[in-house]
Amino acid sequence: MSGAIEIPRIRTPGGAVIPEVLHGEIVHRFADAGVMIFDDVWPVSQIADLHAAYSATYMYYHQDREFADALAVGDKRKMITIAIEGRFNDPDIFANPTMFPIIRKLLGDDVILGSFVSVTSLPGSLDQKPHLDMPLLFEAEGMSPELPSHSLTLVIPLVDMNATNGTTAFFPGSHKVVADEPPDRAPVAPDVLVGSALLFDARVWHGGTPNRSTAPRPVLYSTYQRSWFRDTVNFLSQSPLVMDATEWAKIPEQHRFLFDWARPPQA
Ligand SMILES: O=C(O)CCC(=O)C(=O)O
């Protein structure tokens, strides 16, 4: 069983590749906690531009009502599919040189990008019930803690995640214990600032905290998976990945394997 009760946190080399000699230690710490924060991955100005692009296109969803193509994931909290286009069609986001080598090490060379969404909480949203994003593999409860990761979500905050805007509270190490309920202890609710990233394993219990601010709190979720895995519970009414043939053509050859499974017609 894991001894992790904190979320490990590392300062990255400011957008540069993390030296390979450190990968083993990072993977080990991540595997123990199932969640990890990486500070200073992107310049704040780059994420501010991304936030502006998000707001320009997806503000429509900032209403407290149901949408046919966005999943309600709690009170005043929605999962919105973000099209891979414009500023979102950027290798620095979907194959970030700091983060992607770590993700690839954890998921293997057959990794794909399984979905690209935002989770946006509106002002006044309440605590989200602690949950796992999807059922354990094979419903093989006893086996789950022994298995390596099969699905990891890279969270990119578009505004600071904190006690005012709302963050995500995690139970580090909870992927090492099979249970129908979250652990009987207080979760860790970290501050994750714009420019930083948070990576978590699909088997870790977590839940969003209230948005006490006056503005929506969008975070981008890039979910990477082993190529044989599909999320069959969260995308019954919306596409996990939206990209048209023109955008496909802009993806550098060396990154196409991430999207091949969702290759648009005519691409
Ligand atoms: O809103 C958050 O901070 C967490 C969202 C979440 O965990 C989810 O929708 O699965």
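The structure we're discussing is the one just above.
Residues numbered from 1 in each chain as written. Predicted model: local features only at pLDDT ≥ 70, side-chain atom pairs only at ≥ 80, totals over all residues. Heavy atoms only, no water.

Trainee: Is there a simple way to think about the overall build of the protein in this case?
Mentor: Each helix and strand counted, the protein has 5 helices and 10 strands in total. Relative to a compact globule of 267 residues, whose C-alpha radius of gyration would be 18 Å, the protein shows 17 Å and is just as compact. Seen along its three principal axes, the alpha-carbon backbone of the protein occupies a region of about 45 × 40 × 35 Å. Residue burial in the protein is summarised as follows: out of 267 residues, 53% are buried. Once local pairs closer than 6 in sequence are excluded, the contacts in the protein between residues at least 24 apart make up 83%. Working note: accessible area of the protein is about 11900 Å², and carbon and sulfur atoms make up 55% of it. A distance of 2 Å separates the average location of the 21 positive side-chain charges in the protein from that of its 32 negative side-chain charges. (Helix = DSSP H or I, 4+ residues; strand = E, 2+ residues; numbered from the N terminus. Rg over C-alpha atoms; globule rule 2.2 N^0.38 Å. Buried < 20%, exposed > 50% of the residue type's maximum accessible area, 1.4 Å probe, protein only. Contact = heavy atoms within 4.5 Å. Areas by Shrake-Rupley, 256 points an atom, 1.4 Å probe, with all protein chains shown as cover. Lys, Arg positive; Asp, Glu negative; His and termini not counted. Charge placed at Lys NZ, Arg CZ, Asp CG, Glu CD.)

Trainee: Can you walk me through helix H4 (residues 100-107) in this structure?
Mentor: Owing to its 3.6 residues per turn, the α-helix aligns residues three or four sequence positions apart on the same side. Residues of H4 that are buried include every one of Phe100, Ile102, Ile103, Leu106 and Leu107, and no others. Take H4 and look down its axis: the buried residues cluster within an arc of 160°, on one side only. (Arc of directions from axis to C-beta.)

Trainee: What is the right way to read the pattern of salt bridges from this model?
Mentor: Pairing of side chains with opposite charge becomes possible as their charged atoms draw close. Applying the stated criterion to the full structure yields 9 salt bridges. Residue Asp260 is joined to Arg263 by a salt bridge in which the shortest nitrogen-to-oxygen separation is 3.2 Å. For Arg263, a relative accessible area of 42% puts it in the partly exposed group. (Salt bridge = Lys/Arg side-chain N within 4 Å of Asp/Glu carboxyl O.)

Trainee: Please explain the nonpolar core as it appears in this structure.
Mentor: Among the nonpolar cores identified, the biggest contains 49 residues, and Ile103, Tyr224 and Phe259 are the most heavily contacted of them. Not counting the four nearest positions on each side in its chain, Phe259 is found in contact with Ile84, Phe94, Leu113, Leu241, Met243, Trp248 and Ile251. Membership of the second largest hydrophobic core comes to 18 residues, among which are Ile7, Val35, Ile37 and Val119. (Core = buried A, V, L, I, M, F, W, Y, C linked by side-chain atoms within 4.5 Å.)

Trainee: Looking at this structure, I do not really get helix H2 (residues 44-58). What am I missing?
Mentor: Compared with the 21 Å implied by 1.5 Å per residue over 15 residues, the 21 Å span of H2 between its first and last C-alpha is a close match. Taken residue by residue, H2 has Ile47, Leu50, Ala53, Tyr54 and Tyr58 as its buried positions. The buried residues of H2 all sit within an arc of 115° when viewed along its axis, so they share a single face. Those residues of H2 that are exposed and aimed more than 90 degrees away from the buried face are Val44 and Ala56. In this structure, the buried side of H2 is in contact with strand E4 (77-81), helix H3 (91-94), strand E5 (111-121), strand E6 (151-157) and strand E10 (217-226). (Expected span 1.5 Å × (residues − 1).)

Trainee: Is there a simple way to explain the site of the ligand in this structure?
Mentor: Residues in close proximity to the ligand include Val73, Arg77, Val119, Gln128, His131, Asp133, Thr167, Thr168, His206, Gly208, Arg217 and Tyr221, which together make up its full environment. Interatomic distance of 2.8 Å between a side-chain N/O atom of Asp133 and an oxygen atom of the ligand. Separating an oxygen atom of the ligand from a side-chain N or O atom of Thr168 is a distance of 2.6 Å. When the ligand is considered free in solution it has 290 Å² of accessible area, and contact with the protein chains removes 95% of it. Taken together, the elements giving at least two residues each to the shell around the ligand come down to strand E9 (206-208) and E10. Classifying every residue of the shell around the ligand gives 3 nonpolar, 6 polar and 3 charged. (Near = heavy atom within 4 Å. Polar contact = N/O pair within 3.5 Å; in protein donor to acceptor, adjacent residues only side chain to side chain. Nonpolar A, V, L, I, M, F, W, Y, C, P; charged D, E, K, R; others polar.)

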